[in-house]
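Listed below are the residues making up each chain.
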Amino acid sequence: MTTVNGKAETVIKNANIITIDDGRPKAQALAMTHGRFSGVGSNEDIEGLIGPDTEVLDLGGKTVLPGFIDAHIHVLSSGVKHVMSADCDVRSLKQVQAGLKERADKTPAGEWVQGFKFDDTKTDRTASNEGRHLYRDDLDAVTTDHPMMVAHRAGHVFYMNTAGLEAAGFNDETPDPPGGRLGRDPDTGKLNGMVYERAIDHVRFGLIPVDTAEVRREGLRTICGMLNRVGLTSVHDARVTTEEFQTYQDGYAAGELSLRVYALMWYPQFPALRDAGIRSGLGDDRLRIGGIKMVADGAIATRTAYLSQPYEGSTCDHGILAMEQEEIEQQVLDMHRAGFQVCIHANGDLTIDLVLTAYEKAQKAHPRANTRHRIEHCTLVNPELLARMKAMGVIATPFCTYVYHHGEKMRYYGEQRLEWMFAQRSFIDSGVVSTGATDYPPGPFEPLLGVQSCVTRTDSTGKEWGVNQRISVEEALRLYTLNGAYASFEEETKGSIEVGKLADLVVLGSDPTQIDPLSIKDIQVEQTIVGGDTVYQG
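In this text the structure is predicted, and so the values were computed from the model without any measurement.

## A look at the overall build of the protein chain
Within the protein chain, the regular secondary structure consists of 18 helices and 24 strands. With the principal axes as the frame, the protein chain shows a C-alpha extent of 80 × 55 × 55 Å. The buried share of the protein chain, taken over its 538 residues, is 59%. In the protein chain, of all internal contacts separated by at least 6 residues, the share reaching a separation of at least 24 is 73%. Total accessible area computed for the protein chain in this model is approximately 20300 Å², and 48% of it derives from carbon and sulfur atoms. The distance from the centre of the 54 positive side-chain charges to the centre of the 75 negative ones in the protein chain is 1 Å.

Written out as structure tokens, the structure is:
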């Protein structure tokens, strides 16, 4: 046992503590002082740290883990959507339309109405029907008095009504914008209301008004509560704007930020950050500037990831490349040279190859130690890509809840390709650091669901996908703790239960290493502690 001087503020005893510390994998008790672990060991080891003012929690054998870290999740923007948009995570078109109409009825005519989390393979799905997309006629039936934009759960396809298309300047003669695509009726060629990838950017970041500071603060409080309840203590917010970072600062100052945030700044912010002399890592243990985020291809859930081989059932559909090679390489060179960690969304194997080539060229031109550049999602890999990642020290942040939640979409990739997708086993065996990540809203955010999905590779119907990529429960827990800390250069301060590290932990009702792996998602989170303070009590 190791301690620091003095008595503890809080002691936990009679617990099953899984520390994620190779030097002491298990413990029975711990102490917390001034927001950090001040003792870890047996009940007897910690007894001397208990003073008259120490709060003592007897857990009666319950399991304690380091606080979970989601290394790629859309945090504040999701909180705002929960406040301002219709949640379209329902199972029928009628329910989608009803939610959007309720939002439209509260919105003055002419102002935008938004929805999010629509999922085509889960809407009106039956044994004989594989679901459906939304089209302009579906949304025109809700309102013609408001421009409307609904985001697919994956966040890479959007649906617009006629008023929205007109506001965006899209008509039947509009060519596909660079890095994007406009959906069209296959028989008439007319716009059908679907908008893919970067074709929507001028709408999202130009036409739709920026949410007010008050709305963003409400969104922050909302999402912090949602994530604390499932045991998350740290997040890497995967696309942060200037306004959102200001909200994080305001929430932090007001005591409302109950998560530790590593902010991946959206790439348009890069020039201002660079010119101000800022680099990745500026901040403190609660709020920190992270890497610069870019998006190079499409999404797995919408079947737009850019693949070397066409999607199952097609001879020519390889997905969408959202950034050309020249743009990727120039952006990476500038960001790398300025001292930033670079974090590029790349799902398909062709896109991952382009991103790795850009990282290799930047490192050769401007050598830097310990860059920890990242490939966000890094879904479809192969041995050659893995070897290059290992050589460069590139980090992967794969989807952890996708096999379970999006199982019905896996057939578009095929059994053989699934053996190399969400490839946690291959990352570990190849010496590539990978993390726990969900990308919420695209994937459910519950860490224990992510652990189960990685361990079992079994979807919600019981079908297995790519079982060669299964990992152990212990390995999955490390992804969601210490590896997440490593991805933000913080492995010396969090991610395991060790003396001197930040006192972030989660109390579980069962030990995930000792139960049926198919039941891990059902384990109750009973308490979440950040910096020694309880932020959730079940």
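## Section: the nonpolar core
Counting 96 residues, the largest nonpolar core has Leu-227, Tyr-248, Val-332, Ile-344, Ile-375, Met-389 and Phe-427 as its most contacted members. At seven residues, helix α11 (residues 349-365) tops the list of elements feeding residues into this core. If sequence neighbours within four positions are ignored, Ile-375 has contacts with Ile-344, Ala-346, Ile-352, Val-355, Leu-356, Tyr-359, Met-389, Val-394, Ile-395, Ala-396 and Thr-397.

## Concerning the packing of α11 against helix α12 (residues 383-392)
Packing of α11 against α12 brings their axes to within 11 Å, and their N-to-C directions diverge by 30 degrees. In terms of orientation, α11 and α12 fall into the roughly parallel class. Between α11 and α12 the crossing geometry is left-handed. For the pair formed by α11 and α12, the contact residues are Asp-349, Ile-352, Asp-353, Leu-356, Thr-357, Tyr-359, Glu-360 and Gln-363 on the first element and Leu-385, Arg-388, Met-389 and Met-392 on the second. Here the contact of α11 with α12 is composed, by residue class, of six nonpolar, two polar and four charged.

## Quick look at the environment of Asp-87
The topology assignment puts Asp-87 in strand β10 (residues 86-87). In this structure the C-alpha to C-alpha distance between Asp-87 and Gly-110, which are 23 residues apart in sequence, comes to 21 Å. In this structure, Asp-87 is in contact with His-82, Phe-116 and Lys-117, ignoring residues within four places of it in sequence. One polar contact links the side chain of Asp-87 to the main-chain amide nitrogen of Asp-89, over a distance of 3.0 Å.

## Points about the sheet that holds strand β22 (residues 505-508)
The strand order across the open sheet built from six strands is β4-β3-β8-β22-β23-β24, with neighbouring strands paired in mixed fashion. Both edges of this open sheet fall to β4 (26-27) and β24 (533-537), since each of them pairs with a single strand only. Pairing geometry for strand β3 (residues 16-18) and β4, over two bridges, is antiparallel. By the bridge assignment for β4, Ile-17 is matched with Ala-27.

## Re the pairing of strand β8 (residues 63-66)
When β3 meets β8, the two strands line up parallel, connected through two bridges. Residue pairing for β8: Asn-16 is matched across the bridge by Thr-63. In terms of strand pairing, β8 meets β22 through four bridges, oriented antiparallel. The residue of β22 that forms the bridge with Pro-66 is Leu-505.

## Some remarks on helix α2 (residues 76-84)
Along α2, the positions that sit buried rather than exposed are Leu-76, Ser-77, Ser-78, Gly-79, Val-80 and Val-83. Its buried side turned inward, α2 meets α3 (93-105), α7 (213-228), β16 (232-240) and α8 (242-253).

## Here's the deal with the pairing of strand β20 (residues 374-377)
For strand β19 (residues 342-346) and β20, the ladder comprises four bridges, and the chain directions are parallel. Note on β20: the bridge partner recorded for Ala-346 is His-377. Handedness of the crossover joining β19 and β20 through α11: right-handed. Sheet topology places β20 next to strand β21 (residues 395-397); three bridges connect them, and they run parallel. Bridging across to β21, Arg-374 finds its partner in Ile-395. The β-α-β motif built from β20, the intervening α12 and the parallel element β21 has right-handed crossover chirality.

## Observations regarding the packing of α7 against α8
Following both chains from N to C, one finds α7 and α8 inclined at 65 degrees, their axes separated by 10 Å at the closest point. Considering the relative orientation of α7 and α8, their crossing is right-handed. In contact with Arg-216, Arg-217 and Leu-220 of α7, α8 contributes Glu-243, Glu-244, Thr-247, Tyr-248, Asp-250 and Gly-251. Split by residue class, the contact of α7 with α8 holds two nonpolar, two polar and five charged.

## Regarding empty space enclosed by the protein
Any space left empty among the atoms is revealed by the rolling of a water-sized probe across them. By the definition in use, this model includes two cavities of 30 Å³ or more. Its boundaries defined by the atoms lining it, the largest cavity holds a volume of some 60 Å³. Phe-399, Cys-400, Val-403, Phe-422, Gln-424, Ser-453, Cys-454, Arg-457 and Gln-469 together form the lining of the largest cavity. Classifying every residue of the lining of the largest cavity gives five nonpolar, three polar and one charged. Size it by volume and the second largest cavity reaches roughly 50 Å³. Taken together, Phe-37, Pro-66, Gly-67, Ile-69, Thr-233, Ser-234, Lys-494, Gly-495, Ser-496, Leu-502 and Asp-504 make up the lining of the second largest cavity. Considering only residue class, the lining of the second largest cavity consists of four nonpolar, five polar and two charged.

## Some words on the sheet that holds strand β13 (residues 157-160)
Strand order in the open sheet made by the six strands is β10-β11-β12-β13-β15-β14, with mixed pairing throughout. In the strand order of this sheet, the two ends are held by β10 and β14 (180-184), each with one partner. Both β13 and strand β15 (residues 191-197) contribute to a ladder of three bridges, which runs antiparallel. The partner of Tyr-159 across the bridge, within β15, is Met-194. Each of β10, β11 (113-118) and β12 (148-152) is contacted by α3, which is oriented at about 150 degrees to β11, the strand it contacts most.

## Structural notes on the packing of aromatic side chains
Under the defined criterion, the tally for this structure stands at 10 aromatic pairs. Between the aromatic rings of Phe-205 and Trp-266, the centroid separation amounts to 5.9 Å while the plane-to-plane angle is 45 degrees, which identifies the pairing as tilted. Placement of the pair is Phe-205 in helix α6 (residues 201-207) and Trp-266 in strand β17 (residues 260-266), with a sequence separation of 61 residues. For Phe-205, a relative accessible area of 37% translates into the label partly exposed. A relative accessible area of 9% means that Trp-266 is categorised as buried. Three or more aromatic residues link up through ring pairs in this structure, and these residues are Phe-205, Trp-266 and Tyr-267. When the ring centre of Trp-266 is taken as reference, the NZ or CZ atom of Arg-239 above it lies at 5.8 Å. Over the ring of Tyr-412 we find Arg-411, and its NZ or CZ is 4.2 Å from the ring centre.

Each value, and the rule that gives it
Residues numbered from 1 in each chain as written. Predicted model: local features only at pLDDT ≥ 70, side-chain atom pairs only at ≥ 80, totals over all residues. Heavy atoms only, no water. Helix = DSSP H or I, 4+ residues; strand = E, 2+ residues; numbered from the N terminus. Buried < 20%, exposed > 50% of the residue type's maximum accessible area, 1.4 Å probe, protein only. Contact = heavy atoms within 4.5 Å. Areas by Shrake-Rupley, 256 points an atom, 1.4 Å probe, with all protein chains shown as cover. Lys, Arg positive; Asp, Glu negative; His and termini not counted. Charge placed at Lys NZ, Arg CZ, Asp CG, Glu CD. Core = buried A, V, L, I, M, F, W, Y, C linked by side-chain atoms within 4.5 Å. Axes fitted to C-alpha atoms, helices over the stretch in contact; angles between N-to-C directions. Parallel < 35°, antiparallel > 145°, perpendicular 65-115°, else oblique. Left-handed = near helix turned anticlockwise from the far one by under 90°. Nonpolar A, V, L, I, M, F, W, Y, C, P; charged D, E, K, R; others polar. Polar contact = N/O pair within 3.5 Å; in protein donor to acceptor, adjacent residues only side chain to side chain. Pairing = 2+ DSSP bridges. Right-handed = clockwise from strand over helix to strand, strands pointing away. 1 Å grid on protein atoms, 1.4 Å probe; cavity = no way out; pocket = protein on both sides within 12 Å on 5 of 7 lines; lining within 4 Å. Points joined across faces, edges and corners; volume = space filled by probe spheres on them. Phe/Tyr/Trp six-rings, centres within 6.5 Å; stacked < 30°, edge-to-face > 60°. Lys NZ or Arg CZ within 6 Å of the ring centre and 35° of its normal.

Remember, this is a structural readout, not a statement about activity or role.
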